[in-house]
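Structural characterization, general
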Amino acid sequence: MATRPIHGALYSRGAILFHWVIAALVLVNLWIGIVGGSMSAHKAIGITVLALTIGRIGWRLGHAPPPLPPGTPSWERMAAKVSHVLFYVLLLLVPLTGWAMASGAKRYPLDWFGLFPIPYLPISPSAAHLGHELHEVVGFGMAGLVALHIAAALRHHFLLRDGVLLRMLPGGRTTR
């Protein structure tokens, strides 16, 4: 397979920082949620992801991402758009459903790493139950999307060698 030329545009430093901080927190929270760990930390990390995602969306509205390399097939362009929209939706939905679930139970304090309390959402027990059910489903959806995203990044880096992954790495270079 022929390699495409490496495209020179990098993501902004803000976008790169948001991406990697949110990615690390999401991976930690997926681990805690699936394998186990501190639910207090899980909730605090979830609230952090929610806040950072809101910041990331604000950043994104003012900073367009670099274009994909020339010659990127239309199906790939569409897959990139759809997956990024899904990420934003899930990065909001997963923490919000978790917050709803915690708000319905009110059995444990909800705080941010013990530093300050987080108010419970004013929801009904049935909404909290729905939050619980959705949190699990969208959490696994997030895990699948993360795996797909990593696979796509590695495909671009090792198979297509088009510099797409390098554009999002801190200090990434787009020249060989």
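Here's a quick rundown of the structure. It should be emphasised that the depicted structure is a prediction, and the values quoted were computed from it without experimental measurement.

Conventions used here
Residues numbered from 1 in each chain as written. Predicted model: local features only at pLDDT ≥ 70, side-chain atom pairs only at ≥ 80, totals over all residues. Heavy atoms only, no water. Helix = DSSP H or I, 4+ residues; strand = E, 2+ residues; numbered from the N terminus. Contact = heavy atoms within 4.5 Å. Areas by Shrake-Rupley, 256 points an atom, 1.4 Å probe, with all protein chains shown as cover. Lys, Arg positive; Asp, Glu negative; His and termini not counted. Charge placed at Lys NZ, Arg CZ, Asp CG, Glu CD. Polar contact = N/O pair within 3.5 Å; in protein donor to acceptor, adjacent residues only side chain to side chain. Core = buried A, V, L, I, M, F, W, Y, C linked by side-chain atoms within 4.5 Å. Buried < 20%, exposed > 50% of the residue type's maximum accessible area, 1.4 Å probe, protein only. Salt bridge = Lys/Arg side-chain N within 4 Å of Asp/Glu carboxyl O.

Glancing now at the overall build of the protein. Helices and strands together make up the secondary structure of the protein, namely 4 helices and 2 strands. Starting at the N terminus, the α and β elements of the protein follow one another as α-α-α-β-β-α. When its C-alpha atoms are laid out on the principal axes, the protein stretches across 60 × 30 × 30 Å. Counting contacts in the protein only where the partners sit at least 6 residues apart, residues at least 24 apart contribute 75% of the total. Total accessible area on the protein stands at roughly 10600 Å², and carbon and sulfur atoms take up 73% of it. Positive and negative side-chain charges in the protein, numbering 14 and 5 respectively, have mean positions lying 13 Å apart.

Moving on, we come to the side chain of Asp-111. The topology assignment puts Asp-111 in strand S1 (residues 111-112). Here Gly-114 takes part through its backbone nitrogen, which lies 2.9 Å from a polar atom of the side chain of Asp-111.

Take the nonpolar core next. Residues Ile-22, Val-26, Val-49, Leu-90, Leu-91, Met-142 and Val-146 are the most contacted members of the largest nonpolar core, which totals 15 residues. Among the elements of the structure, helix H1 (13-34), helix H2 (39-62), helix H3 (74-105) and helix H4 (125-160) are those that each provide at least two residues to this core. It is H1 that provides the largest number of residues to this core, a total of 5 residues. In this structure Met-142 touches Val-26, Leu-30, Phe-87, Leu-90, Leu-91 and Val-94, once residues within four positions along its chain are discounted. Core analysis: the next-biggest nonpolar cluster, separate from the first, contains 6 residues, Ile-47, Leu-50, Trp-99 and Ile-118 among them.

This brings us to the pattern of salt bridges. Summed over all chains, the structure comprises 1 salt bridge. Glu-76 is the salt-bridge partner of Arg-155, the closest N and O atoms lying 3.5 Å from each other. One end of the pair, Arg-155, is in helix H4; the other, Glu-76, is in helix H3, and 79 residues separate them in sequence. The exposure class of Arg-155 is partly exposed, given its relative accessible area of 28%.

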